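# Fold and contact review
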Amino acid sequence: MKPKLELIPDLSLQKSFQFLKLETEGFPHQWHYHPEVELTYIIQGRGIRYVGDNISSFKEGDLVLLGENLPHSWVSQGEQVGKIQKALVFQFPILLTNFFPELRNLSEFMNQAKNGFHFPSPDNGLVKRMMEFEFLTSNRQLYLLFEILEILAISEKVRLSNIEIQTQNTISKELGRMEQVKKFLHEHYHEHLELDTMAMMMHMTPTYFCSWCKRTMGHTFITYLNKLRIEHAARWLIGTDKDVSEIAYEVGFQNVTHFNRVFKKEKKTNPQSFRAIFKNRN
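Remember, it's a predicted structure, so these values are computed and weren't measured experimentally.

### Things to note about the packing of helix α2 (residues 104-112) against helix α4 (residues 138-153)
Viewed as axis vectors pointing N to C, α2 and α4 meet at an angle of 65 degrees, and their least axial separation amounts to 10 Å. Here α2 lies roughly perpendicular to α4, going by the angle between them. In the crossing of α2 with α4, the sense of the turn from one axis to the other is left-handed. Seen from α2, the contacting residues are N105, L106, F109 and M110; seen from α4, they are F146, L149, E150, L152 and A153. When its residues are assigned to classes, the contact of α2 with α4 shows seven nonpolar, one polar and one charged.

Okay, here's the thing in structure tokens:
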């Protein structure tokens, strides 16, 4: 299954940006891309976020800026705070900032965001303004959109994807089979998965499958699978009181020692400390 090109119908001579307040029973796995830049704020909902080759957990307060043609998907998963999942989505062409010489700094910021930015600690005042966006007139919304981007440009941010994605042709050619693998792993990450089996499913030799994964997904197959498992484990550690060993087996690790080693490599701390840090925050 190829990443789907999403067409943004409302962007025309009458409207230079699109704003959506999404309310749904769950964010489904829809691996897609579009030429518009996108800013997404999660009001309510938890799960796994895929951006290019990046795999991360998301929850309430998650704020991400995506550059043009960067494949992505937010997928609701696990125990939710409420039945309805909510998000604010801002979409606009990169030319919106390129058109004005006075916005040269924002134009540079949009180019820097081609691999995606995550904002770990969005300003409370900024969040308040985004929440009020829907109640403003169209011209006030445009002014505020520029102001939001100005604030984000100087805010703390973390780069998400390491894969350079430039054109829609590149996406269609390189990431079609990648989505098939990603979707399968998202649904079967907790099972015992063999490299030979995955290669056979993709009609590749194991050697070619390994090199293909590294080239298109940015990681070896095992590394990518472990990253996905660790993100699910992190959510279990934060949201439940289950033993670390129980969580390790539930997300697909066959050995607790190996789980602890991989977890520390990905999260820079051991599972017990990771759980304690988040419980102390609450």
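### Digging into the pattern of salt bridges
As enumerated under the stated definition, the model contains nine salt bridges in all. For K128, the salt bridge goes to E132, with nearest N and O atoms at 2.6 Å. Residue K128 and its partner E132 are both found in helix α3 (residues 124-132); the two are separated by four residues, about one turn of the helix.

### Some thoughts on the pairing of strand β4 (residues 37-44)
For β4, a buried count of six out of eight residues is recorded, marking the element as mostly surrounded by other parts of the structure. Pairing between β4 and strand β9 (residues 85-92): seven bridges, direction antiparallel. Paired with L39 across the two strands is F90, which belongs to β9. Alignment of β4 against strand β7 (residues 63-66), held across four bridges, turns out to be antiparallel. Opposite Y41, over in β7, you have L63 as the bridge partner.

### Observations concerning the sheet that holds β9
Here we have six strands laid out as an open sheet, ordered β2-β9-β4-β7-β10-β11, and antiparallel in their pairing. Bordering the open sheet on either side are β2 (18-24) and β11 (158-159), each of which pairs with just one other strand. Contacts from α3 reach β4, β7 and β9, with the element oriented near 95 degrees to β4.

About the criteria used
Residues numbered from 1 in each chain as written. Predicted model: local features only at pLDDT ≥ 70, side-chain atom pairs only at ≥ 80, totals over all residues. Heavy atoms only, no water. Axes fitted to C-alpha atoms, helices over the stretch in contact; angles between N-to-C directions. Helix = DSSP H or I, 4+ residues; strand = E, 2+ residues; numbered from the N terminus. Parallel < 35°, antiparallel > 145°, perpendicular 65-115°, else oblique. Left-handed = near helix turned anticlockwise from the far one by under 90°. Contact = heavy atoms within 4.5 Å. Nonpolar A, V, L, I, M, F, W, Y, C, P; charged D, E, K, R; others polar. Salt bridge = Lys/Arg side-chain N within 4 Å of Asp/Glu carboxyl O. Buried < 20%, exposed > 50% of the residue type's maximum accessible area, 1.4 Å probe, protein only. Pairing = 2+ DSSP bridges.

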